[in-house]
Amino acid sequence: MDLSVIVLLSLCGFLRGQETTDPISLDDCCKDGKERGQESQDCTSLPLISESTTCRIAQEQCCTAVLEDNICTSGINVAKDQGSCDALLSSSTCETKTAKTCCECCLLGRAAQERGLSCDLTLAVWYQCGLVSRACCVDRSPNSDGKPAPELPKAQGDAQNTEDQCKAAGCSQSCFNGSCACLEGYKLKADVKTCEDINECLLGSHHCRGGERCINTLGSYRCQRVISCGTGYELTDNNKCEDIDECETGTHNCGAELECQNTAGSFRCRPRVQCGVGFIQDALGSCIDINECLSVTGPCPSGHMCFNTVGSYTCQRHSVTCGRGYHLNADGSRCVDIDECAGPDNSCDGHGCINLVGSYRCECRAGFIFNSISRSCEDINECRNYPGRLCAHKCENILGSYKCSCTMGFKLAADGRNCDDIDECALPTGGHICSYRCHNTPGSFLCTCPATGYTLAPNGRSCQDIDECVTSTHSCSESESCFNIQGGYKCLNFDCPANYRRSGDTRPRVDRADFIRCVKSCQPNDISCMLNPILSFSHTAISLPTFREFNKPEEIVFLRSPTPSHLPHMDSPEIVYDILEGNVQNSFDIIKRLDHGMIVGVVRQVKPLVGPVSSVLKLAMNYVTNGVVSHRNIINVHIYVCLWESN
C-alpha cells in the first residue's frame, strides 16, 4: 500500500469521528472520488455528492490518490521499457514531475540490482522513492518471488542451533536456516524480519490484459474489467463478452411445467404441454377453459341459450331468463330466489349470512367489514386505520385482529399493548454482560470501567488495561523501570547485593520480563565469597488478574536450565527447584519438566488470590551433586495481583 493510500485511510478514520449525521457514508464519498480519478477528472472541482465538508475532502483526496498512483505507475513503466527517464523531461507540469520521480527511483533500484547491492537503499530518499526503488530492484532479482531459497543439507548437530536461531529471529512469516523469509507475494522489509505485501499493480509485474484494471490484494492481485459485460453475458478468457446459456447452466427460473429457451442475453419460458381445443394457455403454461358463450357472435343459433362447459359448451332453446340472485323453478316456468345462505358452505365463508330477495347480506365477525361490491367479509387492518393508538411500539395486523410487539430491550406488558423495559443487568447472565459494572438504561444497558487504569473496549462491554509505561503517563524516575500491571503501574529499581555485579547476559532464563540479573564477582582472596554457593540473583516482575473462575493450576513462570536434559553422566548435577519465601497462602508451587531437551522449572498458581496483593516469590534453582548443593541461582519474582479480572 503506497503512502497516499495510508494518508487517506488515516484521514477517513479522523473524519468518521468528526461527522456522523451525513446519510452518505465516507466510504461512498471516497468511492466516488476514486471513480472520478480513474476517469482522470480534475480532483479540485469535483461535483459534490453531499453538502458535508468531510465528504468533499474524502472525494478530493481519494481522487488525488488514484491519479498519483496512475502517474507514478506510468513513470515506473517508462523506466522498465526504455531504461531512461529522458522522455519525461520535455514538460514541467506537476504530473510529469511525479512520473519523473518514480521513474528515476525505479532506475536507482535497477542499478542497485545490477551492481549486486542490497535492494534496501541506505540513501536518505523520501519514503515513496524507497518503496519504488526496492520494488524495481526485487522485480529484476533472480529470486524475486518472495519464496525462500532452498534449504541446504546440514549436520545433525546444527539442527538445534538453527531452531534456536529461528526462534530468536522473530520472523513474521517463515524462517529457513536461521534467516527470515516471506511467502509468495510478500517481501522482507528493511528490518529483515517483517514481511510486507508486493504491489504487483505498482510494479507492473501483473498479467492483466487490455481493458482490465489491476487491483492489488494482500499477497497477490486481481484483474477487473473496466467495462462490465452486462446482464446475461460473461467475460471469457480472451476478454470478450459471451452470452450465458441460462438453460444449460440451470440459472433460469422457469417452473417445472415450462421449458427454458435461451436467447441472446436472456431466456424465455415456454409451455411443455400444448392445450387442446376449447382451452387457452396462460403465461405459466396452465390450460384455461375458453368461455365460448362470451364471444361476440355467440356459438348458438338464434332462439337458443349458450351454456359454457369445461372445454366446450351446450346450446338450449330459450325459455325464461332469470336475473342475478334467481334461478328457474323445478318445472322451468318461473324464476325464484336463490337462498345463498343455505347449506354449511354459504356465500359468507363462515360469517353470519342473511338471505335477501334476489341477494344476501353477510354479518361479519369482529375484525372484519362487509364489502358490498365483492359481497364478502374483508379483514380490517387496525394497525393502518389507527396508527399509534393501539400499540406502544410495533403493531402487526393479523386476520380479524392485530398483535403488539416491542423493540429490542423491551418486553410486552400484561395488557398486550404497552412495553416494559428489560433490565439486562438483572438477568441470570447479567454478570457476564459487562466485565466490570453494568448500568441499566431504557431499552438497553451501559458498561463502565474503574475510574483509573482502564478504558472501555470498542465492544462497549470489556475493560482494557491502560499501559501507562507505553503511553508515558507514569511518574517513574530515570533510575527506575516502569512495569505495567492491571489497572496501574509500578516503579521498580533493582540493585545487586555486595560481591555481585549486573550481568550483560541478555539470554532469557525466565519466560517473563527479566529486569536485572546479578552474577557473583568476588574480590581476589575473598574465600567466603568464593565459597558462597549462590552464583546469581535475578529480579523479575509479573502482573496477575483476580480469576473469577479458578478450575485448574495456572502456569505463570518458567525457569529454564542451561544444562541439557539428556541422560546425565555420573558427575552431572541434578537440578532441584524450591520456593524459599513469599508463598502467600501457599498459593504457588513449582514442578520440574522436560521441554525441547532442556530442564524447565514451572511455577504454578494453585489457589485463587483476590487482589490487590503484592509479594516477592523467592525461588531457588539448586544444582545437587551426590546429595550436596554445589551451587544455586536465586530468582526473585515480584508478583502483583490486581483487584479484579479484565477481559
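Residues numbered from 1 in each chain as written. Predicted model: local features only at pLDDT ≥ 70, side-chain atom pairs only at ≥ 80, totals over all residues. Heavy atoms only, no water.

For the protein chain, the name recorded in an unreviewed UniProt entry is Fibulin-1, with Cyprinus carpio as its organism. According to its UniProt record, the protein chain has this under Subunit (unreviewed entry): "Homomultimerizes and interacts with various extracellular matrix components." We quote the UniProt Function (unreviewed entry) comment for the protein chain here in full: "Incorporated into fibronectin-containing matrix fibers. May play a role in cell adhesion and migration along protein fibers within the extracellular matrix (ECM). Could be important for certain developmental processes and contribute to the supramolecular organization of ECM architecture, in particular to those of basement membranes." (UniProt positions renumbered as here; feature names shortened; annotations may be inferred.)

**Structural notes on the nonpolar core**
Ranked by internal contacts, the top residues of the largest apolar core, which has 21 residues, are Leu559, Phe588, Leu617, Leu619, Val637 and Ile639. The set of elements that each furnish at least two residues to this core consists of strand S33 (534-544), strand S34 (554-564), strand S35 (574-581), strand S36 (588-595), strand S37 (598-605), strand S38 (613-625) and strand S39 (628-641). Grouped together as the second largest cluster of nonpolar side chains are 16 residues, Cys85, Cys103, Cys105 and Cys136 included. (Core = buried A, V, L, I, M, F, W, Y, C linked by side-chain atoms within 4.5 Å. Buried < 20%, exposed > 50% of the residue type's maximum accessible area, 1.4 Å probe, protein only. Helix = DSSP H or I, 4+ residues; strand = E, 2+ residues; numbered from the N terminus.)

**Describing the pattern of salt bridges**
Going through the model one piece at a time under the given rule, you end up with eight salt bridges. A salt bridge links Glu104 to Lys100; the nearest nitrogen and oxygen atoms lie 2.6 Å apart. Taken as a pair, Glu104 and Lys100 lie in helix H4 (residues 94-114) at a separation of four residues, close to a single helical turn. On the basis of relative accessible area, Glu104 is assigned to the partly exposed category, the value being 36%. A relative accessible area of 25% means that Lys100 is categorised as partly exposed. Between Asp595 and Arg560 there is a salt bridge whose closest N-O contact spans 3.3 Å. Here Arg560 lies in strand S34 and Asp595 lies in strand S36, a separation of 35 residues in the sequence. (Salt bridge = Lys/Arg side-chain N within 4 Å of Asp/Glu carboxyl O.)

**Observations regarding the pairing of strand S29 (residues 481-485)**
Bridge analysis of S29 against strand S30 (residues 488-492) gives five bridges, and the strand direction is antiparallel. Residue Ser481 lies in a different strand from S30, and its bridge partner there is Leu492. Hairpin geometry of S29 and S30 is characterised by an intervening segment of two residues between the two adjacent antiparallel strands and by a positive phi of about 85 degrees at Gly487. (Pairing = 2+ DSSP bridges.)

**Quick look at the pairing of strand S26 (residues 444-448)**
Bridge count for strand S25 (residues 437-441) against S26 is five bridges, and the pairing is antiparallel. Its bridge partner lying in S26, His439 is registered against Leu446. Counting the residues that bridge the hairpin from S25 to S26 gives two residues, and of these Gly443 lies at a positive phi of roughly 80 degrees.

**Quick look at the packing of helix H2 (residues 26-38) against helix H3 (residues 53-82)**
Across the interface, H2 lies against H3 with an axial gap of 7 Å and an inter-helix angle of 35 degrees. Considering only the axes of H2 and H3, their crossing is right-handed. Residues Leu26, Cys29, Cys30, Asp32, Gly33, Lys34, Arg36, Gly37 and Gln38 of H2 form the contact with H3, whose own contacting residues are Thr54, Cys55, Ala58, Gln59, Cys62, Cys63, Val66, Leu67 and Asn70. Here the residues of the contact of H2 with H3 are counted per class, giving nine nonpolar, six polar and three charged. (Axes fitted to C-alpha atoms, helices over the stretch in contact; angles between N-to-C directions. Left-handed = near helix turned anticlockwise from the far one by under 90°. Contact = heavy atoms within 4.5 Å. Nonpolar A, V, L, I, M, F, W, Y, C, P; charged D, E, K, R; others polar.)

**Some details on H2**
Taking 1.5 Å as the rise per residue, H2 with 13 residues should run 18 Å; its terminal C-alpha atoms sit 18 Å apart, in good agreement. When we look at burial in H2, the residues that qualify are Leu26, Cys29, Cys30, Asp32, Gly33, Arg36 and Gly37. Considered in projection along H2, the buried side chains sweep an arc of 160 degrees and stay on one side of the axis. Positive phi appears at Ser40, one or two residues downstream of H2, with a value of about 60 degrees. (Expected span 1.5 Å × (residues − 1). Arc of directions from axis to C-beta.)

**Description of the packing of aromatic side chains**
For the structure shown, the criterion picks out two aromatic pairs. Summarising the aromatic geometry, the rings of Tyr500 and Phe537 are spaced 5.0 Å apart at their centres and angled 80 degrees between planes, so their arrangement reads as edge-to-face. Linking Tyr500 in strand S31 (residues 500-502) with Phe537 in strand S33, this pair joins segments that are 37 residues apart in sequence. The exposure classification of Tyr500 matches that of Phe537, with both residues buried. (Phe/Tyr/Trp six-rings, centres within 6.5 Å; stacked < 30°, edge-to-face > 60°.)

**Notes on the packing of H3 against H4**
One can describe the packing of H3 onto H4 by two numbers: an axis separation of 7 Å at closest approach and a directional angle of 45 degrees. Comparing the axis directions of H3 and H4 gives the class oblique. Every pair of crossing elements has a handedness; the one defined by H3 and H4 is right-handed. In this structure, H3 contributes Ile71, Cys72, Ser74, Gly75, Ile76, Val78, Ala79 and Lys80 to the contact, and H4 contributes Glu95, Thr98, Ala99, Cys102, Cys103, Cys106, Leu107 and Arg110. Looking at the contact of H3 with H4, its residues break down into 10 nonpolar, three polar and three charged. (Parallel < 35°, antiparallel > 145°, perpendicular 65-115°, else oblique.)

**Focus: the environment of Cys201**
One can find Cys201 in helix H7 (residues 200-203). According to the relative accessible area criterion, Cys201 is buried, its value standing at 14%. Sequence-wise, Cys201 and Tyr221 are 20 residues apart; in three dimensions their C-alpha atoms are separated by 7.4 Å. Residues in contact with Cys201, not counting those within four places in the same chain, are Thr73, His206, Cys214, Ile215, Asn216 and Tyr221.

**Side note on the state of the cysteines**
All chains considered together, the criterion is met by 30 disulfides. Through a disulfide, Cys201 is tied to Cys214; the S-S separation comes to 1.9 Å. One disulfide, between Cys201 and Cys214, carries an S-S torsion of -75 degrees and so falls in the left-handed class. Of this pair, Cys201 sits in helix H7 while Cys214 is found in strand S5 (residues 212-217), placing the two residues 13 residues apart along the sequence. Of the two residues examined, Cys201 and Cys214, each falls in the buried class. At a sulfur-sulfur separation of 1.9 Å, the disulfide partner of Cys322 is Cys335. Disulfide Cys322 to Cys335: torsion about the S-S bond roughly -95 degrees, handedness left-handed. (Disulfide = S-S within 2.5 Å.)

**Description of a negative patch on the surface**
Taken together, the side chains of Asp415, Asp420, Asp421 and Asp423 define an acidic patch exposed on the protein surface. You can see Asp421 is positioned in strand S24 (residues 419-421). Given a relative accessible area of 31%, Asp421 falls into the partly exposed group. (Patch = residues over 30% accessible without salt bridge, like charges linked within 9 Å, V, L, I, M, F, W, Y side chains within 5 Å. Areas by Shrake-Rupley, 256 points an atom, 1.4 Å probe, with all protein chains shown as cover. Lys, Arg positive; Asp, Glu negative; His and termini not counted. Charge placed at Lys NZ, Arg CZ, Asp CG, Glu CD.)

**Quick notes on the environment of Leu218**
Position of Leu218 among the secondary structure elements: in the loop between S5 and strand S6 (220-225). A C-alpha to C-alpha distance of 7.6 Å links Leu218 and Gly185, two positions 33 residues apart in sequence.

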